[in-house]
Amino acid sequence: MKTLITYCTTHGCTEKTATELKQFFGGEVLLINLKKERVPDLSSFDRIIVGGSIHAGQIQKKVKEFCNEHYETLKNKELGLFICCMEEGEKAEIQLHDAFPAGLLQSAKATACLGGEFNFNKMNFFQKLIVKKVAKVDNSVSHVNYDAIKRFSNQMNTIFNPFLFFV
């Protein structure tokens, strides 16, 4: 199985998460940062995973563009969609559903909110100010959900066998 993991990262959390995901997949796995690298021909991949981080309630523009540009191809592939955000529960689910087109969410084999982090070492003054004001956090904090990463990868690795229903 050949897997493509495409992502955008602003302060490194989504890249860390994508790298963590990669270790759970067998076969050839290619990581592509949509901000830095060219997207290869998608037809050569069996499985495509798309992820990004949420900032001010929105996923990165490059992720949206990728999903819109390759919508039909993605819909017809084994697809996984994830976000990294600091919200939890229902708020995180709303951000996930706002991040991707409805048709891709419906056809995805797995979707997940994989946690997030505020990395003050990689933020500029203005970003730190906003985080301090809005999130009421004044130093770096990580809430990457490694259990959610494992669950997401397990869902992606599950093979659907219709004959299991006849046992």
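Residues numbered from 1 in each chain as written. Predicted model: local features only at pLDDT ≥ 70, side-chain atom pairs only at ≥ 80, totals over all residues. Heavy atoms only, no water.

Engineer: Even after reading the chapter, I still don't get the environment of Gly80, so can you show me in this structure?
Structural biologist: Turning to its location among the elements, Gly80 is positioned in strand E5 (residues 78–84). Taking the C-alpha atoms as reference points, Gly80 and Leu114, separated by 34 residues in sequence, lie 12 Å from one another. Excluding anything up to four places from it in sequence, Gly80 contacts Ile48, Ile49, Val50, Ala110, Phe152 and Met156. (Helix = DSSP H or I, 4+ residues; strand = E, 2+ residues; numbered from the N terminus. Contact = heavy atoms within 4.5 Å.)

Engineer: How should the side chain of Glu117 be read in this particular structure?
Structural biologist: Tracing the chain through its elements places Glu117 in strand E7 (residues 117–118). A polar contact of 3.0 Å, which involves the side chain of Glu117, links it to the side chain of Lys16. Not counting chain neighbours up to four residues away, the residues in contact with Glu117 comprise Cys13, Lys16, Met86, Val141, Ser142, His143 and Val144. (Polar contact = N/O pair within 3.5 Å; in protein donor to acceptor, adjacent residues only side chain to side chain.)

Engineer: Help me understand the environment of Ile149 in this model?
Structural biologist: Mapping Ile149 onto the fold places it in helix H7 (residues 146–157). A sequence separation of 91 residues divides Ile149 from Gln58, and the C-alpha atoms of the two residues are 21 Å apart. Contacts of Ile149, omitting those with residues within four sequence positions, involve Thr17, Glu20, Leu21, Phe24, Leu114 and Val144.

Engineer: Where do I start with the packing of aromatic side chains in this structure?
Structural biologist: The geometry of two aromatic rings is summed up by the distance between their centres and the angle between their planes. The final tally for this structure, using the stated rule, is one aromatic pair. Here Phe82 and Phe152 contribute two aromatic rings whose centre-to-centre distance is 6.1 Å and whose plane-to-plane angle is 70°, an arrangement assigned as edge-to-face. One end of the pair, Phe82, is in strand E5; the other, Phe152, is in helix H7, with 70 residues separating them in the sequence. The class of Phe82 is buried, set by a relative accessible area of 0%. The ring of Phe45 has Lys2 sitting right over it, with the charged end atom 4.9 Å from the ring centre. (Phe/Tyr/Trp six-rings, centres within 6.5 Å; stacked < 30°, edge-to-face > 60°. Buried < 20%, exposed > 50% of the residue type's maximum accessible area, 1.4 Å probe, protein only. Lys NZ or Arg CZ within 6 Å of the ring centre and 35° of its normal.)

Engineer: I'm lost on the layout of surface pockets in this one. Help?
Structural biologist: Gaps between atoms show up when a probe of the same size as a water molecule is rolled over them. Estimated volume of the largest pocket: approximately 600 Å³. Lining the largest pocket are 26 residues, and of these Ile54, His55, Ala56, Phe118 and Val131 sit closest to its centre. Broken down by element, the lining of the largest pocket gets its largest block of residues, five residues, from helix H6 (residues 125–134). Lining the second largest pocket are Cys85, Met86, Glu87, Glu88, Gly89, Ala92, Glu93, Cys113, Gly115, His143 and Asn145. The residue makeup of the lining of the second largest pocket, split by class, is four nonpolar, four polar and three charged. (1 Å grid on protein atoms, 1.4 Å probe; cavity = no way out; pocket = protein on both sides within 12 Å on 5 of 7 lines; lining within 4 Å. Points joined across faces, edges and corners; volume = space filled by probe spheres on them. Nonpolar A, V, L, I, M, F, W, Y, C, P; charged D, E, K, R; others polar.)

Engineer: Sorry, what's going on with the side chain of Ser153 here?
Structural biologist: As for its placement among the helices and strands, Ser153 is situated in helix H7. In this structure Ser153 comes out as buried when scored by relative accessible area, which is 0%. Not counting residues within four places of it along the chain, the set of residues in contact with Ser153 comprises Leu21, Phe24 and Phe25.

Engineer: Explain the pattern of salt bridges here, please?
Structural biologist: Where side chains of opposite charge bring their charged atoms close, a pairing between them can arise. Tallied over the entire structure, the rule returns four salt bridges. With a closest N to O distance of 3.6 Å, Arg47 and Glu78 form a salt bridge. On the criterion of sequence distance, the pair formed by Arg47 in strand E3 (residues 47–55) and Glu78 in strand E5 is long-range, its members being 31 residues apart. Among the residues examined, Arg47 registers a relative accessible area of 3% and is labelled buried. For Glu78, a relative accessible area of 23% puts it in the partly exposed group. Here Glu78 makes a salt bridge to Lys109, at a shortest N to O gap of 3.5 Å. Taken together, the residues span a long stretch of sequence, with Glu78 in strand E5 and Lys109 in the loop between helix H5 (102–107) and strand E6 (110–113) at a distance of 31 residues. (Salt bridge = Lys/Arg side-chain N within 4 Å of Asp/Glu carboxyl O.)

Engineer: Got a minute to help me understand the environment of Gly103 in this structure?
Structural biologist: Locating Gly103 in the fold gives a position in helix H5. It is 8.5 Å that separates the C-alpha atoms of Gly103 and Tyr71, two residues lying 32 residues apart in sequence. Each residue touching Gly103, except ones within four places of it in the same chain, is listed here: Tyr71 and Lys75.

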